[in-house]
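# Structural overview
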Amino acid sequence: MAFILNDRVKVTSTTAGTGVFALGSATAGFETFATGIGGSNTTYYAIAHQSAAEFEVGFGTLDADGDALTRTYIINSAGAEKTLIEM
């Protein structure tokens, strides 16, 4: 496991709540977390709701497939439901 940063990762998600974050498909022009960060690696993340003033930033660890993010350490947040992840 390594700490990886990549500014070209941006995906959608419909996950709500504070548990493991299921990662959706990449936004046009960006990579998925699996491609840009790689499975089992840790990264900095930012979650922002598309239509409300809700956000979360922190460090997270991807599962082996790179399609789910476990929140390792939350730095800051506001709001309840988050539906977009971007790096």
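Presented here is an overview of the structure given in this document. Bear in mind that the values here come from a model prediction, so they are computed numbers and not experimental data. (Residues numbered from 1 in each chain as written. Predicted model: local features only at pLDDT ≥ 70, side-chain atom pairs only at ≥ 80, totals over all residues. Heavy atoms only, no water.)

The next subject is the overall build of the protein. Scanning the protein for helices and strands turns up one helix and six strands. Listed by position from the N terminus, the elements making up the protein come as β-β-α-β-β-β-β. What you see for the protein is a C-alpha radius of gyration of 11 Å, in line with the 12 Å of a compact globule of 87 residues. Each of the three principal axes of the protein carries a C-alpha extent, and together these read 30 × 30 × 20 Å. For the protein, restricting intrachain contacts to residue pairs at least 6 apart in sequence, the fraction spanning at least 24 positions comes to 54%. A total of about 4500 Å² of accessible surface is found on the protein, and carbon and sulfur atoms cover 54% of it. Both charge centroids of the protein, one from 4 positive and one from 9 negative side chains, sit 6 Å from each other. (Helix = DSSP H or I, 4+ residues; strand = E, 2+ residues; numbered from the N terminus. Rg over C-alpha atoms; globule rule 2.2 N^0.38 Å. Contact = heavy atoms within 4.5 Å. Areas by Shrake-Rupley, 256 points an atom, 1.4 Å probe, with all protein chains shown as cover. Lys, Arg positive; Asp, Glu negative; His and termini not counted. Charge placed at Lys NZ, Arg CZ, Asp CG, Glu CD.)

Throughout the structure, instances matching the rule amount to one salt bridge. The shortest N-O distance in the salt bridge between E56 and R71 comes to 2.6 Å. Taken together, the positions of E56 in strand β4 (residues 55-62) and R71 in strand β5 (residues 68-78) put the pair 15 residues apart, joining distant regions of the chain. Residue class for R71 comes out buried when judged on its relative accessible area of 13%. (Salt bridge = Lys/Arg side-chain N within 4 Å of Asp/Glu carboxyl O. Buried < 20%, exposed > 50% of the residue type's maximum accessible area, 1.4 Å probe, protein only.)

Among the structural elements, A22 can be located in strand β2 (residues 21-22). For the pair formed by A22 and L62, sequence separation is 40 residues and the distance between their alpha carbons is 9.9 Å. Apart from the residues lying within four places of it in its own chain, the contact partners of A22 are S13, T15 and D67.

This paragraph deals with the side chain of T15. Inspection of the secondary structure puts T15 in the loop between β1 (10-12) and β2. With relative accessibility at 12%, the residue T15 sits in the buried group. A polar atom in the side chain of T15 sits 3.0 Å from the side chain of S13. Looking at T15, its side chain comes within polar contact range of the main-chain nitrogen of A22, at 3.0 Å. (Polar contact = N/O pair within 3.5 Å; in protein donor to acceptor, adjacent residues only side chain to side chain.)

This part takes up a nonpolar patch on the surface. Together, F3, L5, Y44, Y73 and I75 line one region of the surface with nonpolar side chains, adding up to about 530 Å² of accessible area. Along the chain, L5 falls in the segment before β1. According to the relative accessible area criterion, L5 is exposed, its value standing at 57%. (Patch = residues over 30% accessible without salt bridge, like charges linked within 9 Å, V, L, I, M, F, W, Y side chains within 5 Å.)

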